[in-house]
Amino acid sequence: MTETDHNPNIDPHTGMRTTGHEWDGIRELNTPLPRWWLNILYATIVWAFFYCIAYPAIPLIQSFTPGVLGWSSRQDVNDELTNLRAQRAPIVAALSTASLEEIRQNPQLRSFAIAQGKAAFGDNCAPCHGAGGGGGKGYANLNDDDWLWGGTLEQIAATLNHGVRADDDATHAGVMPAFGRDGMLDAHEMSNVADHVRSLAGLKTPPEADLEAGGKIFAENCSACHGETGKGNTELGAPNLTDAIWLYGSDKATIVEGLTNGRGGVMPAWAGRLDATTIKALTVYVHTLGDGQ
């Protein structure tokens with residue numbers, strides 16, 4: 001007679017004790033956890049207890065337990081930032097007093113300005129212009145060498161400081177009229193001038209396009225800003241219509257829509273929002289993105 005015959009809590013197949021629990025004829029084996037595993041568990045419980053005493057851990061109604069060591073992650077970050085500012089103080093001071101041209105000619109200042117400008121760009125400019133400055137429909141691509149308001153260091157700085165059509169007395173204020181909405185051109189005239197604009201960039205136009213009529217309309221209504229040959233005008237923010245770079249798109253429907261309702265995107269003025277040194281760094285960084293003028 002075996003042990004299982006005398007003890008119903010012994011599993012006949014494995015010879016191991018069971019817990020006495022049974023579900024649909026299936027018995028639960030009483031397999032204890034390894035002692036080493038339990039010891040580690042107990043050690044972590046003890047460690048957690050002392051951790052809660054030493055560090056901020058237990059939430060209260062309006063605060064938390066500060067811990068006997070007085071450490072906090074927020075203060076740790078503040079200390080690191082303070083140390084970083086102290087390390088950078090000399091070069092930041094040099095950057096704040098140097099002119100844009102001096103920064104461009106000084107390799108150390110230029111390298112620091114690009115690094116600082118890249119960080120500021122990611123925080124403030126990337127939502128519109130993209131993380132790498134590639135832009136999007138209605139938002140300028142800063143990687144090409146096509147600048148609506150000029151690509152020199154001074155021109156980029158002016159654009160950053162005062163914005164475009166922003167709430168700033170010195171902002172860039174040029175705007176494209178709504179020729180269709182305001183009744184200056186009818187649909188047929190806008191169609192002709194759209195074909196003419198596409199032809200300026202070397203784009204294919206339909207055989208029935210009246211380019212001569214479109215050219216005449218362009219000369220009478222558009223050349224004052226875009227120039228007689230469509231080369232644009234950075235003083236007015238009028239784009240060059242002869243290249244292959246289009247802010248809103250080069251298809252005829254998009255051009256007609258712009259003629260109908262006008263164009264007037266807004267860029268905020270960063271003077272007052274960002275300090276002057278950060279704007280300098282942004283200027284240098286943006287200038288390098290598009291191989292500025």
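Data block above holds the structure.
Sequence order as written defines residue numbering, which begins from 1 separately in each chain. In view of the model being predicted, local features appear only for residues whose pLDDT reaches at least 70, and side-chain atom pairs are presented and counted only at 80 or more, with totals across whole chains, interfaces and linings using the full set of residues. The basis for every side-chain value is the complete set of heavy atoms in the structure, and neither hydrogens nor water enter the calculation.

**Observations regarding the side chain of Thr283**
Then, number 1: Locating Thr283 in the fold gives a position in helix α12 (residues 276-289).
Then, number 2: Sequence-distant contacts of Thr283, defined by excluding residues within four places in its chain, comprise Leu100, Leu153, Ile156, Ala157 and Leu160. Secondary structure is summarised from DSSP: a helix means a run of H or I of at least four residues, a strand means a run of E of at least two, and numbering begins at the N terminus for each. Contacts are residue-level and defined by heavy atoms, with any inter-residue pair within 4.5 Å sufficient.

**Focus: a nonpolar patch on the surface**
Then, number 1: Only residues whose relative accessible area exceeds 30% and that form no salt bridge enter a patch; like-charged residues are grouped when within 9 Å of one another, and nonpolar side chains (Val, Leu, Ile, Met, Phe, Trp, Tyr) when within 5 Å. Methods summary: accessible areas were calculated by the Shrake-Rupley approach with a probe of 1.4 Å, and residue burial reflects only the protein chains presented. The salt bridge definition used is simple: a Lys or Arg side-chain nitrogen within 4 Å of an Asp or Glu carboxyl oxygen. Taken together, the side chains of Leu33, Trp36, Trp37, Ile40, Leu41, Tyr42 and Ile45 make up a nonpolar region of the molecular surface, amounting to roughly 740 Å² of accessible area.
Then, number 2: Its location among the elements puts Trp37 in helix α2 (residues 35-54).
Then, number 3: Relative accessibility thresholds used throughout: buried, under 20% of the residue-type maximum; exposed, over 50%; partly exposed, between the two (1.4 Å probe, protein chains only). Judged by relative accessible area, Trp37 falls into the partly exposed class, the value being 38%.

**Examining helix α11 (residues 252-261)**
Then, number 1: All of the buried residues in α11 are Thr254, Ile255, Gly258 and Leu259. Burial along α11 is one-sided: seen end-on, the buried residues are contained in an arc of 140°.
Then, number 2: The secondary structure elements touched by the buried residues of α11 are α8 (187-200).
Then, number 3: In the segment just after α11, Gly262 is the residue with positive phi, at about 80°. The reported arc concerns the directions from the helix axis to the C-beta atoms and nothing else.

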